[in-house]
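A look at the structure
So you can see what is in the structure, the chains are spelled out below.
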Amino acid sequence: MIRFNKVFKAFPKGSLALKDVSFHLAKGEFLFLTGHSGAGKSTILRLVYADDLPTSGMVRVSGFSTSSLKRRDIPRLRRRLGIVFQDFRLLEDRTAEENVAFALEVTGTRKSVIAPKVMRVLTQVGLAAKAQAYPRELSGGEQQRVAIARALVNDPLVLLADEPTGNLDERATRGVFQLLRDINATGTAVVLATHDLDLVRAAPYRTIELQEGAVVYDSAEDEGAEEAVES
Amino acid sequence: MRLTIREALLSFRRAPVLSALAVTTIAFALFVLGLFGLVVINLRSTLAQIEERVEIVVYLTRGTPVEVVTVAIGDIQAFPEVQSVNYVTEDQALERARQELVEFQGVFDDLTQNPLPASLEIRMRQGYRDSRSVRDVADRLRGFRFAEDVRFGRDWVEKLDRLRGIAGVVGLVIGLGFAAASVMIIGTTIRMTVLSRAREIHIMRLVGATDGFIRRPFLLDGAMKGALGGAFAIVLNYGAYLAVSRGLFEAAFFSVEQTTLFLLFGTVLGLAASAFSVGRHLPQV
């Protein structure tokens, strides 16, 4: 599904944002990316949705490889992904329903398909009753749910969430996290970048920890090593 | 397509002041361009009227038989450059002089013999009223034995030629200047729109919109602003035309075809400017 192979990413001034990062995310997997601010979590996500390219190494996402990726491939790649940010990135002059529908409209989906699909995902995130509300009329947690609904509406293979709970209180954080777990339970892979260790400890999912751009811990490798010792 | 139209229309609603400013500036630039167009049209029609008066006069040797003149008229009329030949007899020349030079009435009354020669007045066909054609025909007319003298307003014809050339060059230069100014104005407004919608463009990209899809509403927006600006400019030009026609002299206005072309020019200008601006600024957002 997603494969990083010896990926290096240099900043324009020369310092490294990622150093020799390699990992593989399987279909339907839930992955925590943790680490302090500036550790490289967002850079990894940006490389996944091709907002940036690696300086060396290769990133492979659902059949698309950075070694052969063309500009015209990027929209097709992104239609297989759902992306959620800390600041929600909703359009303030559109209702929740219109924000979600926007993701379908810009990909040329037929009008007759849009309305039922939008209502389905709004129901899935628990916001069907607030479909006509504008972002300013919604709480932070609700706005993030709209953003998640928008990310889900294209039926993505992977949902990328970059600090989705960073602006939320504890209660809303729990609600959004549970929603991401529910989404994962339906078969969608989730990559959740967060520095909230309470969240990481709350569920037994695979965790990759980054420090200054390098992977310092990958729970999958750890488990693999333990299994090898036991056998 | 529906979304493209909606987004393009929304840009007017989202930034009404900026849009109004853009349309007004385009309208003003096209208005000045249109004014110049009107000047050129009127100058051309005036030149055409003056050109119609371009004629060559062949003064005949006294005593040339009418039969010879009649045959010569036939020959001259066969020239491809010649529109008409008018024979003015000696008596007609005197009569005309009497009517036109009233202050010399006494002199004419004292005459015992008509001093004025008969003449042939030759008008040129349209397209042959330039100095070269006129000189060419005049040279051929000198070849007739009865032609005592051949005259045409050489300086006048050459001045007309120069005026035509200058009007064409000035029109082209000013026209291109204002077209460039309009392109820059539209380009700047589209750039401001692109920047003001950076967030939306960013989201469109994230959810997988293609570059072509993102670009389309901006192109339509530019074309609509160009067309609206062109329409306003036509209204302003019509106002200027009415003011001149009522207050100064009777002027000509654009024909329906020219008005349509003007509107089309505004639209294409808007489209080209937004294509240029979007191509340049979209990758930066």
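Residues numbered from 1 in each chain as written. Chains lettered and ligands numbered in written order. Predicted model: local features only at pLDDT ≥ 70, side-chain atom pairs only at ≥ 80, totals over all residues.

**Details of the interface of chain A and chain B**
- The interface of chain A with chain B comprises eleven residues on the first partner and ten residues on the second.
- Of all elements in the fold, only α2 (74–78) and α3 (96–105) of chain A reach the threshold of two or more residues within the side of chain A that touches chain B.
- By residue class, the composition of the side of chain A that touches chain B is five nonpolar, two polar and four charged. (Contact = placed C-beta atoms within 7 Å. Helix = DSSP H or I, 4+ residues; strand = E, 2+ residues; numbered from the N terminus. Nonpolar A, V, L, I, M, F, W, Y, C, P; charged D, E, K, R; others polar.)

**Thoughts on the confidence of the model for chain A**
- Summarising the model, chain A shows a mean pLDDT of 92, and 96% of its residues fall at 70 or more.
- Predicted confidence in chain A is weakest over helix α8 (residues 219–230) of chain A, with a mean pLDDT of 69, and strongest over strand β8 (residues 189–193) of chain A, with 97. (pLDDT = per-residue confidence, 0-100.)

**Description of the environment of Glu212 of chain A**
- Residue position: Glu212 of chain A is located in the loop between β9 (206–211) and β10 (214–218).
- Along the primary structure Glu212 of chain A and Leu18 of chain A are separated by 194 residues, whereas in three dimensions their C-alpha atoms are 7.4 Å apart.

**Considerations on the environment of Asn5 of chain A**
- With respect to the helices and strands, the residue Asn5 of chain A is situated in strand β1 (residues 2–10).
- Filtering out sequence-adjacent residues up to four positions away, Asn5 of chain A remains in contact with Ser22, Gly57 and Met58 of chain A.

**Some thoughts on the nonpolar core**
- If you look at the biggest cluster of nonpolar residues, it comprises 68 residues, and the most contacted ones within it are Val100, Ala149, Leu160 and Val191 of chain A.
- Ignoring anything within four residues of it in the chain, the contact list for Val100 of chain A reads Val118, Val121, Leu122, Val146, Ala149, Arg150 and Val153 of chain A.
- Counting 29 residues, the second largest nonpolar core, distinct from the first, contains Ala22, Leu33, Phe218 and Leu269 of chain B. (Core = buried A, V, L, I, M, F, W, Y, C linked by C-beta atoms within 7 Å. Buried ≥ 20, exposed ≤ 12 C-beta atoms within 10 Å, placed from the backbone.)

**Topic: helix α10 (residues 256–281) of chain B**
- Compared with an ideal rise of 1.5 Å per residue, which puts 26 residues at 38 Å, α10 of chain B spans 37 Å between its outermost C-alpha atoms and is within 8% of the ideal.
- Residues of α10 of chain B that are buried: Phe262, Phe265, Gly266, Thr267, Leu269, Gly270, Leu271, Ala273, Ser274, Ser277 and Val278 of chain B. (Expected span 1.5 Å × (residues − 1).)

**Some thoughts on the pairing of β10 of chain A**
Residue and element names in this part refer to chain A.
- Strand direction decides the pairing type here: β9 and β10, joined by four bridges, are antiparallel. Each bridged residue has a counterpart across the sheet, and for Ile208 the counterpart in β10 is Asp218.
- The turn linking β9 back onto β10 is made up of two residues, and Glu212 within it adopts a positive phi angle of 50°. (Pairing = 2+ DSSP bridges.)

**A closer look at the pairing of strand β4 (residues 56–61) of chain A**
Residue and element names in this part refer to chain A.
- Pairing analysis gives five bridges linking β1 to β4, with the strands arranged antiparallel. Directly across from Arg3, in β4, lies its bridge partner Arg60.
- Sheet topology places β4 next to strand β5 (residues 64–65); two bridges connect them, and they run antiparallel. Residue pairing across strands places Arg60 opposite Ser65, the latter belonging to β5.
- What sits between β4 and β5 in their antiparallel hairpin is a turn of two residues, with Ser62 showing a positive phi close to 45°.

**A look at the sheet that holds strand β3 (residues 119–124) of chain B**
Residue and element names in this part refer to chain B.
- Within the open sheet, the four strands sit side by side as β2-β3-β1-β4. Their pairing is antiparallel. Among the strands making up the open sheet, the edge pair consists of β2 (82–88) and β4 (147–152). When the angles between neighbouring strand axes are averaged without regard to direction, this sheet yields 20°.
- Pairing between strand β1 (residues 55–60) and β3: five bridges, direction antiparallel. By the bridge assignment, Val57 is partnered in β3 with Glu121.
- Sheet contacts for helix α6 (residues 131–142): β1, β2, β3 and β4; angle to β4, the most-contacted strand, approximately 175°. (Axes fitted to C-alpha atoms, helices over the stretch in contact; angles between N-to-C directions.)

**Some points on the packing of α3 of chain A against helix α4 (residues 111–124) of chain A**
Residue and element names in this part refer to chain A.
- α4 packs onto α3 with a crossing angle of 125° between their chain directions and a minimal axis gap of 9 Å. Taken together, the axes of α3 and α4 lie oblique to each other. The element α3 and its partner α4 pack so that their crossing is right-handed. Residue-level contacts link Ala96, Glu97, Val100, Ala101, Leu104 and Glu105 of α3 to Ile114, Lys117, Val118, Val121 and Leu122 of α4.
- Along the lines of polarity and charge, the residues of the contact of α3 with α4 split into eight nonpolar, no polar and three charged. (Parallel < 35°, antiparallel > 145°, perpendicular 65-115°, else oblique. Left-handed = near helix turned anticlockwise from the far one by under 90°.)

**Considering the sheet that holds β10 of chain A**
Residue and element names in this part refer to chain A.
- Strand order in this open sheet of six strands is β6-β7-β8-β3-β9-β10, and the pairing throughout is mixed. Whereas interior strands pair on both sides, the edge strands pair on one side only; in this sheet they are β6 (81–85) and β10. The average angle at which neighbouring strand axes cross in this sheet is 20°, direction not considered.
- Across five bridges, the pairing between strand β7 (residues 158–162) and β8 is parallel. Considered in β8, the bridge of Leu159 is made with Val190.
- Where helix α5 (residues 140–152) meets the sheet, it contacts β6 and β7, and its direction lies at approximately 165° from that of β6.

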